[in-house]
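Chain by chain, the residues:
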Amino acid sequence: MSTATPDQSLDSVARSEPAATDEIRLRGVEVHNLRHVDLDLPHRKLIAFCGVSGSGKSSLALDTLYAEGQRRYIESFSAYTRQFLEQLDKPEAESIEGIPPSIAVTRKSVSRSSRATVGSATQINEHLQLLFARIGEIVCYQCHQKVESTSADLAAQSLTSLPDGTRAMVGFISQRGTERNNEEWLTDLISLGYRRVVLEDQLGELSTSLANQLGDATSLEIVVDRITAGSQTHDRLHDSLESAMEAGRGIAVVWSQVEGHKNLSGQDEENDEEYSGKRVVELAGATWQRHVFSRRLRCETCEIDYPDLQPQLFNYNNPLGACPECEGFGNVTELDMSLVVPDPSKSLRDGAIAPWNTPSYKHELEELIALADDYDLPLDVPFAELLPKHLELIHQGVPERDFGGLRGFVAWLERRKYKMHIRVFLSRWRSYYPCTKCDGARLNPAALAVKIAGKSLAEVVDMPVEVSRRWMETAALKEAQRAVGRLLLSQVGDRLAYLDKIGLGHLSLSRPLRSLSGGEAQRVALTSALGSNLTGMLYVLDEPSAGLHAADLPRLVDAVAALRDRGNTVALVEHNVTLIQSADEVVELGPGAGEFGGKVIYQGEPDGLVNTPESRLGDWLTGRRYLRLPAQRRATNQGWLKLSGARGNNLQNITVDFPLGMLCAVTGVSGAGKSTLVGSTLYPALAVALQIDAGKSDVRRPADFDDLVGVSQIDDCILVDQTPIGRTPRSNPITYVKAFDPIRTLFAATTDAKAAGFKAGHFSFNVDGGRCPTCQGDGHTQVDMQLMADVFMRCADCQGQRYRREVLEVKYRGLSIADVLDLSVREAFTFFRGQKKILTRLKCLIDVGLDYLRLGQAANTLSGGEAQRLKLANYVSAAKRGRTLFIMDEPTAGLHNSDVMQLLDCFQSLTDMGHSLIVVEHHMLVMQAADYLIDMGPGAAEEGGQIVATGPPEDLARQENSITARYLAAALKQTAEAAEQAAAEDAREAAEAAEGDDE
């Protein structure tokens, strides 16, 4: 979540800002493609911004409302404070009035670090760390006894509870040290006034004559005071124990004379768990119980010291709490033999060991072959058939022959991994495995020994959110614990409830953010906003419904409405009809995308959309536009992929058949296991089988499964995920789809370019030669304003055109290279007629609905839907002629229904070419258009992970045990009614036309 300062500061600024107006007034906004937009937006209302992808929704909500609210808030700080905060440019507008401090929740704010988890992103981890530090109890991880620190006052209270007349002695344990002998040690103790000693379970006088009797002993129990219960005051007991603890470095020893083995509390020792294991000794002909009081947290039975409880102890990012083996990551990297030997059917001679097939390290294989005969190592049998002794030789090597084997080879690389290429090479053969020291808990044993109601912090964060929330409410806490932790328990419970309310109850707090889908990650960020309790703020939410099943939408609607009801203004950038209809006001932008959009088509209550002819959303609400279902679904006779025994995360050892040659959609409620099945199991398994470099994927090693059959039926597999395509202005659509290379070659082939000696590289703004030397090809210069936001000014030399004047003088069909970059994709397609290479690349952009983009538009200005389709266009243009399987995760994220139709047309083109598609999706249009559905569930987390139903949409809609089926049946019915209405309208128009002809 994008936020600059503590919640309290934001709240105070929001309250202190004068309420000059009850609305936000925007005049003359021209950010990106917005066309002089004038808009009045009410405060403390839920406002939904809708429109086709690229119509200007994000430009208005994020780049105008949020940016201006955040900028003004930052400017309210002192100059010293502002230098540490994010600086935002002032939006291009004539005036913006009445805007409150703002917070944005977007997908761009989600961390991809392996240390970032659901708990850390929602700040629940920090609350739990403080909670465990305040009310946690230490239970020794070896003997499982409770470990407590005892002050002198508490020890004195336990002594006063002894029966009257009970004799007791208070003492401490003295340590000799290494710098003095026994005689010097005893002399020092005598000089300090001590007179009695307990040695070898005997009570005696302290004197230097004991030096020989001590021998090699390093510790000695010294008596400080002798008391009789009932006759001594509390002050004397306290002073004696304080003196003993001071002399004993925090530890005091008490001997109490008992009869019948009674302990300090007066109970039978064998029945008292708290004092079990304490020694009973015979001293001076009497029976004494020896008990140790310690200011330190120490288990005397196991002789283990525990650190003081503080929040840092429970933080895996802090050396005090992190597991020393994995350093708080929860996993370690080790050699993965499935990567080292990707094809076990190969023999050693044929190159079964992949790292030794490279020219740089082929000598390792040659050394192995040279000693093979001497050690009976077969070189021509499949690697899978080698005996354990052969594998041992390959792993451990032969030291006497100076052959280190795989272990020695990896150790040699480890010593040289300060070189980048060595680190990259080494990472190709390693995978992540759970840390054996902490079992993936990330914390050290001392931190894991702290319990609340019998559970450690690792156990709490590993539970699903809905389970941990119930545990928080029902945990058997002592009254003192509940009193101390009341506020923290309430805050943690509230945030867990928010996560559950927005459809994330199936996640655990320890789940890494990078393993979440885009929609899940964004809703995790939303929890911080919901849990902040701020009022008078402007919240800008970018598609919070992305990746959410229709069954989970009502809870999200309630959560967003609660944010508004606190007195905040909530702006939604949204395509989902349910959320849009729940808004107080709707603003639709359009009518088209890019230069064809940027206008306000409609503003008002949601009900008024259906009466607006220009409204694209109104077309879908009224049935004026609908999905035309195929008369017959594709037959499942093009082959199958069979994945058996999938059991990663919550998958319950399932076997799934994926049809090929068609559009297959994997559906189910959030948390049912869709991403685990497709993204974490199927794709990595295919990548290994097809020997595809899966290193770009977040998951290199497949989740646990038994077998994958049918891989030979496809030639390639491509994963279209939700990672951004570029973070700098230098990346643009034309470079991403690799159309810029033939364009530069075309310019270099012109007569003017040849005369000037220009090559293709001179027409690139990323390298020296042709780019403007002043702005380095950026088109603008950045002026450092010290404590104010940096100012970007158009380059005075190239006037924002990025190139040197001589390069711009080279023309192709009357346009310079800068003019070409300013063309839209549609204009460029016409301009480059006859250039097959360029047209092929541009055609892919047109097919996915990106014909309005400028060729040189910076990639970091693209919306989420535009970036996703741009990536798909690149993959489509690079697809091989063979059968390719495309795997996609929520490709409709950020797309309007009209854009989804274009995407479905692209899908149909791919399947018509013989390719296959497996799509994880919640969108009803995709479900209806799919040839085959695989529905997972029936619930989330432990209640999911099963295949509920499979088959064509019409068959699945009739399944009574599927949650998805209920919503799919309603969508199919609505589509059928729209088709009937359209057919009736066409018939009426045809009849009217026929009557006109007759007349």
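What counts and what doesn't
- Numbering of residues starts from 1 in every chain and runs along the sequence as written.
- A pLDDT threshold of at least 70 governs which residues receive local features in this predicted model, and a stricter bar of 80 or more applies before side-chain atom pairs are shown or counted, although totals over entire chains, interfaces and linings include all residues.
- Remark: hydrogens and water are excluded; side-chain values derive from all non-hydrogen atoms of the structure.
- Secondary structure elements are defined from DSSP: runs of H or I of at least 4 residues count as helices, runs of E of at least 2 residues count as strands, and each element is numbered from the N terminus.
- Each residue's exposure class comes from its accessible area (1.4 Å probe, protein chains only) as a fraction of the maximum for that residue type: buried when under 20%, exposed when over 50%, partly exposed otherwise.
- Whether two residues touch is decided by their heavy atoms; if any such pair falls within 4.5 Å, the residues are in contact.
- Exposure was quantified through the Shrake-Rupley algorithm and a 1.4 Å probe, taking into account, for residues, occlusion by the shown protein chains and nothing else.
- Think of it this way: DSSP has to see at least two bridges between two strands before they count as a pair.
- Geometry is summarised by axes, namely lines fitted to C-alpha atoms with helices restricted to the contacting stretch, and by angles between N-to-C directions that run from 0 to 180 degrees.
- Disulfides are defined as pairs of cysteine sulfur atoms found within 2.5 Å of each other.
- For Phe, Tyr and Trp, where Trp contributes only its six-membered ring, two rings pair if their centres lie within 6.5 Å, and the inter-plane angle classes them as stacked under 30 degrees, edge-to-face over 60, or tilted in between.
- By definition here, charges over rings are those cases where NZ of Lys or CZ of Arg is within 6 Å of the ring centre and within 35 degrees of the ring normal.
- Values of pLDDT, which run from 0 to 100, indicate the predictor's confidence residue by residue.
- The working definition used for a salt bridge is a side-chain nitrogen of Lys or Arg within 4 Å of a carboxyl oxygen of Asp or Glu.
- Candidates for patches are residues over 30% relative accessible area with no salt bridge; among them, like charges are joined within 9 Å and nonpolar side chains (Val, Leu, Ile, Met, Phe, Trp, Tyr) within 5 Å.
- In this count, Lys and Arg are taken as positive residues and Asp and Glu as negative ones, while His and the chain termini are left out.
- All charge positions are set by atom: Lys at NZ, Arg at CZ, Asp at CG, Glu at CD.
- Whenever a nitrogen or oxygen atom comes within 3.5 Å of another N or O atom, the pair is scored as a polar contact, on the condition that within protein one atom can donate a hydrogen and the other can accept it, and that pairs from neighbouring residues in sequence are kept only if both atoms are in side chains.
- Each crossing is labelled by how the near helix is turned from the far one, with a counterclockwise turn of less than a right angle marking it left-handed and a clockwise turn marking it right-handed.
- Three residue categories are used. Nonpolar comprises Ala, Val, Leu, Ile, Met, Phe, Trp, Tyr, Cys and Pro, charged comprises Asp, Glu, Lys and Arg, and polar comprises the others, including Gly.
- Oblique is the label for any angle not covered by the other classes, which are roughly parallel (under 35 degrees), roughly antiparallel (over 145) and roughly perpendicular (65 to 115).
- Orient the strands so they point away from the viewer, and a crossover whose first-strand-to-second-strand path over the helix runs clockwise is right-handed.

> Help me understand the overall build of the protein chain, please; the structure alone is not making it clear to me.
If you tally the helices and strands in the protein chain, you get 36 helices and 34 strands. Burial analysis of the protein chain (999 residues in total) assigns 51% to the buried set. Expressed as a percentage of contacts within the protein chain between residues at least 6 apart in sequence, the contacts between residues at least 24 apart total 69%. Total accessible area on the protein chain stands at roughly 45600 Å², and carbon and sulfur atoms take up 47% of it.

> What's the story with the pairing of strand 3 (residues 46-50) in this structure? I'm lost.
When a strand is regular, its side chains alternate between the sheet's two faces. For strand 3, the tally of buried residues reaches 5 of 5 residues, placing the bulk of the element in the interior. Side chains Leu 46, Ala 48 and Cys 50 of strand 3 all project onto a buried face; the interleaved residues Ile 47 and Phe 49 project onto the opposite face, where all are buried too. Examined bridge by bridge, strand 3 and strand 21 (residues 569-573) share 4 bridges and lie parallel to one another. In the strand pairing of strand 21, Leu 46 is matched with Val 570. Bridge analysis of strand 3 against strand 22 (residues 585-590) gives 4 bridges, and the strand direction is parallel. Directly across from Phe 49, in strand 22, lies its bridge partner Val 587.

> Can you walk me through the sheet that holds strand 34 (residues 946-951) in this structure?
Across a sheet, paired strands are connected by hydrogen bonds in the backbone, their directions being either parallel or antiparallel. As summarised here, the arrangement of the 6 strands in space is 28-31-32-26-33-34, forming an open sheet in which the pairing is mixed. Each end of this open sheet is capped by a strand with a single partner; those strands are strand 28 (716-720) and strand 34. Mean inter-strand twist for the sheet, computed between neighbouring axes without regard to direction, equals 15°. Its contacts with the sheet place helix 24 (residues 674-689) against strand 26 (663-668), strand 28, strand 31 (884-889), strand 32 (916-920) and strand 33 (932-937), and it is angled at close to 150° to strand 31. In this fold helix 33 (residues 897-912) packs onto strand 26, strand 31 and strand 32, with an angle of close to 145° to the strand it touches most, strand 32.

> Even after reading the chapter, I still don't get helix 26 (residues 740-748), so can you show me in this structure?
An α-helical turn contains 3.6 residues, so any two residues separated by three or four positions project in the same direction. Counted residue by residue, helix 26 has 7 buried out of 9 residues, so it is predominantly covered. Residues Phe 740, Pro 742, Ile 743, Arg 744, Leu 746, Phe 747 and Ala 748 constitute the buried set of helix 26. Of the surrounding elements, those touching the buried residues of helix 26 are helix 25 (733-736), helix 27 (751-756), helix 29 (817-821) and helix 31 (836-847).

> It is not clear to me how the state of the cysteines should be interpreted in this structure. Could you clarify?
In a disulfide, the sulfur atoms of two cysteines are held together by a covalent bond. What the rule picks out here adds up to 0 disulfides. A disulfide-free cysteine, Cys 299 has its sulfur positioned 3.5 Å from the sulfur of Cys 143, the nearest such atom. Residue Cys 299 is classed as buried on the basis of its relative accessible area, which comes to 4%. Left without a disulfide partner, Cys 326 is nearest to the cysteine sulfur of Cys 438, which lies 3.7 Å away.

> Just checking my understanding: could you explain the sheet that holds strand 5 (residues 102-105) for this structure?
The mixed open sheet is built from 6 strands, whose spatial order is 5-20-21-3-22-23. The two strands at the open ends of the sheet, each matched to only one other strand, are strand 5 and strand 23 (599-604). Neighbouring strand axes in the sheet, compared pairwise and without regard to direction, differ in orientation by 15° on average. In terms of strand pairing, strand 5 meets strand 20 (residues 538-542) through 4 bridges, oriented parallel. In the strand pairing of strand 20, Ala 104 is matched with Val 540. Packing of helix 21 (residues 553-565) onto the sheet brings it into contact with strand 3, strand 20 and strand 21, and relative to strand 21 it is tilted by some 145°.

> Whenever I open this one, the packing of aromatic side chains confuses me. Can you help?
Here the distance between the centres and the angle between the planes together describe a pair of aromatic rings. Scanning the entire structure with this criterion turns up 18 aromatic pairs. An angle of 75° between the planes, with centres 6.1 Å apart, marks the rings of Tyr 361 and Trp 412 as edge-to-face. Of the two residues, Tyr 361 sits in the loop between helix 10 (337-340) and helix 11 (362-372) while Trp 412 sits in helix 13 (residues 405-414), which places them 51 residues apart along the sequence. In this structure Tyr 361 comes out as buried when scored by relative accessible area, which is 10%. With relative accessibility at 31%, the residue Trp 412 sits in the partly exposed group. Cluster of aromatic residues (ring-pair linked, three or more members): Trp 356, Tyr 361, Phe 403, Phe 409, Trp 412, Phe 425 and Trp 429. Sitting above the plane of the Phe 740 ring, Arg 744 keeps its charged end 5.5 Å from the centroid. Taking the ring centre of Phe 765 as reference, the NZ or CZ of Arg 802 above it sits at 4.3 Å.

> Would you mind showing me how to read the confidence of the model for the protein chain here?
Do not read the predicted coordinates in detail wherever pLDDT is low. Overall, the prediction assigns the protein chain a mean pLDDT of 85, with 90% of residues at 70 or greater. No element of the protein chain has a lower mean pLDDT than helix 1 (residues 7-16), which averages 43, and none a higher one than strand 25 (residues 654-659), which averages 97. Low pLDDT (under 50) marks residues 1-20, which in the prediction has 40 contacts with non-local residues, meaning those over four places away or in another chain.

> Help me out: how do you make sense of the pattern of salt bridges in this one?
Between side chains of opposite charge, a pair can form as their charged atoms come close. All chains considered together, the criterion is met by 38 salt bridges. The salt bridge involving Glu 75 is made with Arg 71; its shortest N-O contact spans 2.8 Å. Linking Glu 75 with Arg 71, this pair stays in helix 2 (residues 57-75), spanning 4 residues, or about one helical turn. Since its relative accessible area comes to 12%, Arg 71 is described here as buried. Across the pair Arg 555 and Asp 552 runs a salt bridge whose closest N-O atoms are separated by 2.9 Å. Each of the salt bridges in this network shares a partner with another, and the network as a whole consists of Arg 469, Glu 473, Asp 500, Asp 552 and Arg 555.

> For this particular structure, what's the right way to read a negative patch on the surface?
A cluster of acidic residues, Glu 30, Asp 38, Glu 92 and Glu 94, forms a negative patch at the surface. Locating Asp 38 in the fold gives a position in strand 2 (residues 37-42).

> When you look at the side chain of Arg 298 in this model, what are you seeing that I'm missing?
Structurally, the position occupied by Arg 298 is in strand 15 (residues 297-299). For Arg 298, a relative accessible area of 18% gives the class buried. Here the side chain of Arg 298 touches Asp 305 through a polar contact of 3.0 Å, side chain to side chain. In this structure Arg 298 touches Val 147, Ile 251, Glu 303, Ile 304 and Asp 305, once residues within four positions along its chain are discounted.

> Got a minute to help me understand the environment of Glu 866 in this structure?
Here Glu 866 lies in helix 32 (residues 864-878). With 812 residues separating them in the primary sequence, Glu 866 and Gly 54 have C-alpha atoms 7.2 Å apart. Each residue touching Glu 866, except ones within four places of it in the same chain, is listed here: Ser 53, Gly 54, Leu 850, Tyr 852 and Leu 853.

> Got a minute to help me understand the environment of Lys 455 in this structure?
The topology assignment puts Lys 455 in the loop between strand 19 (450-451) and helix 16 (457-462). Overall, Lys 455 belongs to the partly exposed group, its relative accessible area being 27%. In sequence terms Lys 455 and Glu 137 are 318 residues apart; their C-alpha atoms lie 9.9 Å from each other. The contact partners of Lys 455, leaving out residues within four places of it in the chain, are Phe 132, Val 450, Val 460, Met 463 and Trp 471.

> So what exactly am I meant to see when it comes to the packing of helix 13 against helix 14 (residues 420-427) here?
Two quantities define a packed helix pair, namely the angle between the axes and the distance from one axis to the other. Where helix 13 contacts helix 14, the axes come no closer than 10 Å and their chain directions differ by 145°. When you trace helix 13 past helix 14, the crossing you get is left-handed. Along the contact surface, helix 13 presents Phe 409, Val 410, Leu 413 and Glu 414, while helix 14 presents Ile 422, Phe 425 and Leu 426. In the contact of helix 13 with helix 14, the residues fall into 6 nonpolar, no polar and 1 charged.

> Sorry, what's going on with the packing of helix 12 (residues 388-396) against helix 13 here?
Direction vectors running N to C along helix 12 and helix 13 enclose 20°, while the axes themselves pass 2 Å from each other. The orientation of helix 12 with respect to helix 13, classified from their angle, is roughly parallel. Counted together, Ile 394, His 395 and Gln 396 of helix 12 and Gly 405, Leu 406 and Arg 407 of helix 13 form the full contact between these two elements. Here the residues of the contact of helix 12 with helix 13 are counted per class, giving 2 nonpolar, 3 polar and 1 charged.

> Hey, could you run me through the pairing of strand 31 in this one?
A large share of strand 31 lies buried, amounting to 6 of its 6 residues. Neither face of strand 31 is left uncovered, since the one carrying Thr 884, Phe 886 and Met 888 and the one carrying Leu 885, Ile 887 and Asp 889 both have all their residues buried. Pairing of strand 28 with strand 31, which is carried by 5 bridges, proceeds in the parallel orientation. Note on strand 31: the bridge partner recorded for Asp 716 is Thr 884. As defined by bridge partners, strand 31 adjoins strand 32 across 5 bridges and the pair is classed as parallel. Looking at the pairing, Leu 885 lines up with Ser 916 of strand 32. Tracing the backbone out of strand 31, into helix 33 and back to the parallel element strand 32 gives a crossover that is right-handed.

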